[in-house]
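If you want the building blocks of each chain, they are given just below.
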Amino acid sequence: MTIENVLETLNSSSNIENDFKELLQELIIIFNKFFPNVDLTNLNNRLKDLKIVKANKFVSNDVVDYNAVNNELLFNLEEIMKDYDLRHVVMHGLLRIITAHDNTFGFNQNDRFIALSIGYTEIITNFIIGNNSELTLFDDEVIATNLIADIVGHDVLFQAYFTHDANILAQALMDKGVE
Amino acid sequence: MDTMKLMNRNYLERRCDTKGVHVSNLAEVEKMLIDAYMKTPRSKEELERFEANLCGNSNMFGDKAYVYQDLETVYSYFNQAKENKMSYDYENVQKAA
């Protein structure tokens, strides 16, 4: 799947407003420059009918969330009004779409690694695009995930994250004595 | 895996907390990770990097921070674990010699 195909799919989407399409396009290009070997087929398929939803805190307490089943990128209305770096927030959401599978994303499986997937998504987001706001996302998960990366190695997390392979992660955690 | 369960609980409880009463158990998670980290031989540089990663960021200590349970105990826990490890490693080196 080429980046051109993905951008074409994005531009043909009728669910997404033009301003937001432009932002997504910019972020997809940046992602692809950082990680040209990550397959974008999943993103392409999901962009076809991706919906952008403004939610209240009772739907999602996090500033950004992604519902992989309904293919909805959710923004918490109350939170998004605060002084977040919007590009950072949207990049976090984009990574969840790129790595979405079943009803979840990244290396999460049956909610076994949900916090770790959140933390790693945020670490990758920080790496790709930084954060121009004092408001940060998922601090606890980022801190714990950084420590886990020190234990099992960043390469293991990276591989597991983009291939949705919870098994290599579980094995590495066991091998390193994470109980 | 208890560490993952604890991390997940911390995240899900905060996520569902619409009243702002969440108390973070990050300290407990960090202590479990310190224990795991010390099971493998570590260089001085690795130990220093891990120690630096324990502290997180300044947001944890501002007005907007969650309430962190026992976070102040993490460094003393780490230092104790580091001392134990260094003396254990030293004894093993002596024995090998």
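Just so we're clear, the structure is a prediction, and the values are computed from it rather than from any experiment.

**A few points about the overall build of chain B**
Per the secondary structure count, chain B includes 4 helices and 2 strands. Each helix and strand of chain B, ordered N terminal to C terminal, gives the series α-β-α-α-β-α. Across the 97 residues that make up chain B, the buried fraction comes to 35%. Taking as baseline every contact in chain B between residues at least 6 positions apart, the subset at least 24 positions apart corresponds to 64%. For chain B, the exposed surface amounts to about 6000 Å²; the carbon and sulfur share of it is 53%.

**A short note on the packing of helix 5 (residues 86–98) of chain A against helix 6 (residues 114–129) of chain A**
Residues and elements named next belong to chain A. Where helix 5 meets helix 6, the closest approach of the two axes is 9 Å, and the angle between their N-to-C directions is 125 degrees. Considering the angle they form, helix 5 stands oblique to helix 6. Judged by the sense of rotation from one axis to the other, the crossing of helix 5 with helix 6 is right-handed. Judged by residue contacts, Arg87, His88, Met91, His92, Leu95 and Arg96 of helix 5 engage Ile118, Thr121, Glu122, Ile124, Thr125, Asn126, Ile128 and Ile129 from helix 6. Taken together, the residues of the contact of helix 5 with helix 6 sort by class into 6 nonpolar, 5 polar and 3 charged.

**With respect to the sheet that holds strand 3 (residues 72–76) of chain A**
Residues and elements named next belong to chain A. Spatial ordering of the open sheet is given by 1-3-2, a layout of 3 strands whose pairing is mixed. Each edge of the sheet is formed by a strand with only one pairing partner; in this case those strands are strand 1 (51–55) and strand 2 (64–67). For this sheet, the mean inter-axis angle between neighbouring strands, taken without regard to orientation, is 25 degrees. Relative to strand 3, strand 1 runs parallel, the two sharing 5 bridges. For valine 53, the partnering residue across the bridge sits in strand 3 and is leucine 74. On the sheet, helix 5 packs against strand 2 and strand 3 and is oriented at approximately 20 degrees with respect to strand 2.

**Structural notes on the side chain of A:Glu141**
By secondary structure assignment, the location of A:Glu141 is in helix 7 (residues 139–152). By relative accessible area, A:Glu141 is classed as buried at 2%. Excluding residues within four positions of it along the chain, A:Glu141 makes contact with A:Ala115, A:Ile118, A:Gly119, B:Asn10, B:Tyr11 and B:Arg14.

**What to know about the packing of aromatic side chains**
Enumeration according to the criterion identifies 16 aromatic pairs over all chains in this entry. Ring centres of A:Phe107 and A:Tyr161 lie 5.7 Å apart, and the angle between their planes is 75 degrees; this geometry places the pair in the edge-to-face category. Of this pair, A:Phe107 sits in the loop between strand 5 (104–105) and helix 6 while A:Tyr161 sits in helix 8 (residues 154–163), and the two are 54 residues apart along the sequence. Each member of the pair, A:Phe107 together with A:Tyr161, is buried. Between B:Phe50 and B:Phe78 the ring centres are 6.1 Å apart and the planes differ by 25 degrees, which places this aromatic pair in the stacked class. Highlighted residues: B:Phe50 in helix 3 (residues 44–54) and B:Phe78 in helix 4 (residues 74–96), separated in sequence by 28 residues. One aromatic cluster is present, formed by A:Phe31, A:Phe34, A:Phe35, A:Phe107, A:Tyr120, A:Phe127, A:Phe158, A:Tyr161 and A:Phe162 through successive ring pairs. Positioned above the aromatic ring of B:Tyr37, the side-chain terminus of B:Arg42 is 3.7 Å from the ring centre.

**Regarding the pairing of strand 3 of chain A**
The side chains of a regular strand alternate between the sheet's two faces. All names here are of chain A. Taking burial as the measure, the 5 residues of strand 3 include 5 buried ones, the bulk of the element. What you see with strand 3 is no split at all: Glu72, Leu74 and Asn76 on one side and Leu73 and Phe75 on the other are buried throughout. Looking at chain direction, strand 2 and strand 3 are connected through 4 bridges and run antiparallel. From the neighbouring strand, valine 64 faces strand 3, where its bridge partner is phenylalanine 75. Here strand 2 folds back onto strand 3, and the loop between the two strands holds 4 residues, one of which, asparagine 71, carries a positive phi near 55 degrees.

What counts and how
Residues numbered from 1 in each chain as written. Chains lettered and ligands numbered in written order. Predicted model: local features only at pLDDT ≥ 70, side-chain atom pairs only at ≥ 80, totals over all residues. Heavy atoms only, no water. Helix = DSSP H or I, 4+ residues; strand = E, 2+ residues; numbered from the N terminus. Buried < 20%, exposed > 50% of the residue type's maximum accessible area, 1.4 Å probe, protein only. Contact = heavy atoms within 4.5 Å. Areas by Shrake-Rupley, 256 points an atom, 1.4 Å probe, with all protein chains shown as cover. Axes fitted to C-alpha atoms, helices over the stretch in contact; angles between N-to-C directions. Parallel < 35°, antiparallel > 145°, perpendicular 65-115°, else oblique. Left-handed = near helix turned anticlockwise from the far one by under 90°. Nonpolar A, V, L, I, M, F, W, Y, C, P; charged D, E, K, R; others polar. Pairing = 2+ DSSP bridges. Phe/Tyr/Trp six-rings, centres within 6.5 Å; stacked < 30°, edge-to-face > 60°. Lys NZ or Arg CZ within 6 Å of the ring centre and 35° of its normal.

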